[in-house]
Amino acid sequence: MAADYGIAGHVAIVTGSTSGIGFALASALAEQGVHVILNGLGDPAQIETNRRELQARTNSSIRYHGADMTRPDEIADLVDFAVREFGRLDILVNNAGIQHVSPIEDFPPEKWDALIAIILSSAFHATRAAVPIMKAQGRGRIVNIASAHGLVASPFKSAYVAAKFGVVGLTKAVGVELARTGVTCNAICPGYVKTPLVEAQIGDQARSRGISEDRVVDEVILAAQPNKAFVEYDHLAGMLLYLVSDMGASATGAALSVDGGWTAT
Ligand code: NAD
């Protein structure tokens, strides 16, 4: 992106940034001169290639920490890693997520536990560890990647909707709690973005509903979005860069929709 958001030299953690939205947001920050700690699962060789390429094409230092977002001790170490590597932490993007689509009566309890841990509890643990650092700096930005499903529900997504509503609630509580500290906390609520997570859902929804994958896209996925278009990575990056810049100083405790009109209906 061409605009300068005045955040060069800041330090960011983006959880779940080995793929999809997380990697796109990490890249947008790195392109602004932000030093970024990547996190997430995947093939170590591929992660290292992506880390090197991002570092080579930006003016930023890019590190990787493999914390498992189901493990509070590893999440605390991820936040501490920012201080060990860079001596500060300016931006925390809680983005890691998984999905499971199933009728409630068949929903596997272990999937419920995993979704709540990775989407909701990880945001709590990372925020809890980051806040003392940001408060001491007198400035910080926490951005939670929630979802339109943090504001409205869809069938077969009980754990995801519950976790994302929880993320929006956490965002509001932390936002008001920190309102006089220079640290803001906001949620971005995207509509559908065509990432690996959504590609997998298209297949899962087709099985749950007993219809073809093309019909899932037309009648289920984009049926929810009045503009009939997937949200693009740049649309989310624009909102993130606004929030983490000085222009975002008055926005806190907000759940900001980027969803083609979905939650306006
Ligand atoms: P994705 O599957 O492409 O990426 C998910 C990331 O989370 C990956 O980097 C993965 O390794 C990481 N992750 C999963 N489990 C983890 C664990 N235990 N520990 C550490 N990292 C873990 O998905 P995405 O579509 O880019 O989703 C990113 C976020 O955006 C999620 O929170 C998702 O709910 C949210 N979101 C996505 C959409 C969409 O349409 N794709 C819409 C709204 C919100």
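Note that the structure is a prediction, hence the values are computed from the model and not measured. Residue positions within a chain follow its written sequence, with the count starting from 1. Owing to the predicted nature of the model, reporting of local features is limited to residues with pLDDT of at least 70; listing and counting of side-chain atom pairs is limited to 80 or more, with chain, interface and lining totals taken over all residues. Only hydrogens and water are removed before side-chain values are computed, so all heavy atoms of the structure are retained for them.

**Focus: the pattern of salt bridges**
Salt bridges, as used here, are contacts in which a Lys or Arg side-chain nitrogen is within 4 Å of a carboxyl oxygen on Asp or Glu. Overall, the coordinates contain 12 salt bridges when judged by the stated rule. Here E74 makes a salt bridge to R71, at a shortest N to O gap of 3.3 Å. Take E74: its relative accessible area is 26%, and that puts it in the partly exposed class. Residue D80 is joined to R84 by a salt bridge in which the shortest nitrogen-to-oxygen separation is 2.6 Å. Placement of the pair is D80 and R84 together in helix α3 (residues 72-86), with a separation of four residues, close to one helical turn. Judged by its relative accessible area of 38%, D80 falls in the partly exposed class. When a residue's accessible area, from a 1.4 Å probe over protein chains only, is under 20% of the maximum for its type it is buried; when over 50% it is exposed; and in between it is partly exposed. Looking at R84, the relative accessible area reads 47%, which means it is partly exposed. Counting from the N terminus, the helices are the DSSP runs of H or I reaching at least four residues and the strands are the DSSP runs of E reaching at least two.

**Some remarks on the domain arrangement of the protein**
Reported domain spans reflect what an automatic or database domain assignment gives. Splitting the protein by domain gives domain 1 (11-191 + 232-258) and domain 2 (194-230). Distance between the C-alpha centres of domain 1 and domain 2: 24 Å. Each partner contributes to the interface: domain 1 provides 14 residues, whereas domain 2 provides 11 residues. As used here, buried area is the combined drop in accessible area, with a 1.4 Å probe, of two parts when they are placed together. The junction of domain 1 with domain 2 conceals about 890 Å² of combined surface from both sides, 58% of it contributed by carbon and sulfur atoms. If you sort the residues of domain 1 by the area they bury against domain 2, Q99, V101 and F156 come out on top, with a joint share of 41%. Polar contacts, as used here, are pairs of N or O atoms within 3.5 Å; protein pairs need one atom able to donate a hydrogen and one able to accept it. Residues neighboring in sequence count only if both atoms are side-chain atoms. At the junction of domain 1 and domain 2, the tally comes to one residue pair in polar contact (both at pLDDT 80 or more). Amino acid classes used here: Ala, Val, Leu, Ile, Met, Phe, Trp, Tyr, Cys and Pro are nonpolar; Asp, Glu, Lys and Arg are charged; the rest, including Gly, are polar. Here the residues of the side of domain 1 that touches domain 2 are counted per class, giving seven nonpolar, five polar and two charged. We call two residues contacting when some pair of their heavy atoms lies within 4.5 Å.

**A look at the site of the ligand**
Around the ligand, the structure places 30 residues, and the nearest of them are S19, N95, Y160, V193 and T195. The contact in question runs from an oxygen atom of the ligand to an N or O atom on the side chain of T18, over 2.8 Å. Between S19 and the ligand, the recorded distance is 2.6 Å, taken from a side-chain N or O atom to an oxygen atom. Across the complex, the protein chains shield 93% of the 830 Å² of accessible surface that the ligand would expose by itself. Secondary structure elements with two or more residues in the shell around the ligand: α1 (20-31), α5 (158-177) and α6 (196-209). If one sorts the elements of the shell around the ligand by residue count, α6 sits on top with three residues. Here the residues of the shell around the ligand sort into 16 nonpolar, 12 polar and two charged. Two domains share the shell around the ligand, each providing at least three of its residues, namely domain 1 (11-191 + 232-258) and domain 2 (194-230). One heavy atom within 4 Å of a molecule or strand is enough for the residue carrying it to be called near that molecule or strand. For the accessible areas, the method is Shrake-Rupley and the probe is 1.4 Å, while residue cover comes only from the protein chains on display.

**Here we look at α5**
Helix span, as expected, comes to 1.5 Å for every residue beyond the first. Here α5 contains 20 residues, and its C-alpha end-to-end distance of 28 Å stays within 8% of the 28 Å for a straight helix at 1.5 Å per residue. Every buried residue of α5 is listed here: A159, Y160, V161, A163, K164, V167, V168, L170, T171, V174 and G175. Contact partners of the buried residues in α5: α4 (109-137), β5 (140-145), β6 (183-190) and β7 (255-258).

**Here's the deal with the sheet that holds strand β4 (residues 91-94)**
Strands were regarded as paired on the criterion that DSSP finds at least two bridges between them. Judged by pairing direction, the sheet is parallel, and its seven strands sit side by side in the order β3-β2-β1-β4-β5-β6-β7 without closing on themselves. Unpaired on one side and paired on the other, β3 (62-65) and β7 mark the two borders of the sheet. Ignoring which end each strand starts from, the neighbouring axes of this sheet average 20° apart. Bridge count between β5 and β6: six bridges; the pairing is parallel. By the bridge assignment for β6, V143 is matched with N186. Axes here refer to lines fitted to C-alpha atoms; in helices the fit is confined to the stretch in contact. Angles between the N-to-C directions go from 0 to 180 degrees. The strands that α5 touches are β5, β6 and β7; relative to β6, the one it contacts most, it runs at about 155°. Its contacts with the sheet put helix α8 (residues 233-244) on β4, β5, β6 and β7, and the angle it makes with β6 is roughly 165°.

**As for the environment of G238**
Along the chain, G238 falls in helix α8. On a C-alpha basis, the gap between G238 and L25 in space is 9.3 Å, while along the polypeptide they are 213 residues apart.

**So, the packing of α1 against α8**
Two numbers describe how α1 lies on α8: the axes approach to 9 Å, and their chain directions differ by 50°. Viewed along their axes, α1 and α8 adopt a mutual orientation that is oblique. Like other packed secondary-structure pairs, α1 and α8 cross with a definite hand, here right-handed. The segment α1 lies against α8, with G20, I21, A24, L25, A28 and L29 engaging Y233, L236, A237, L240, L241 and V244. When its residues are assigned to classes, the contact of α1 with α8 shows 11 nonpolar, one polar and no charged. Should an angle fall under 35 degrees it is taken as roughly parallel, and over 145 as roughly antiparallel, whereas 65 to 115 is taken as roughly perpendicular and any remaining angle as oblique. Left-handed describes a crossing in which the near helix is turned anticlockwise from the far one by less than a right angle; the clockwise case is right-handed.

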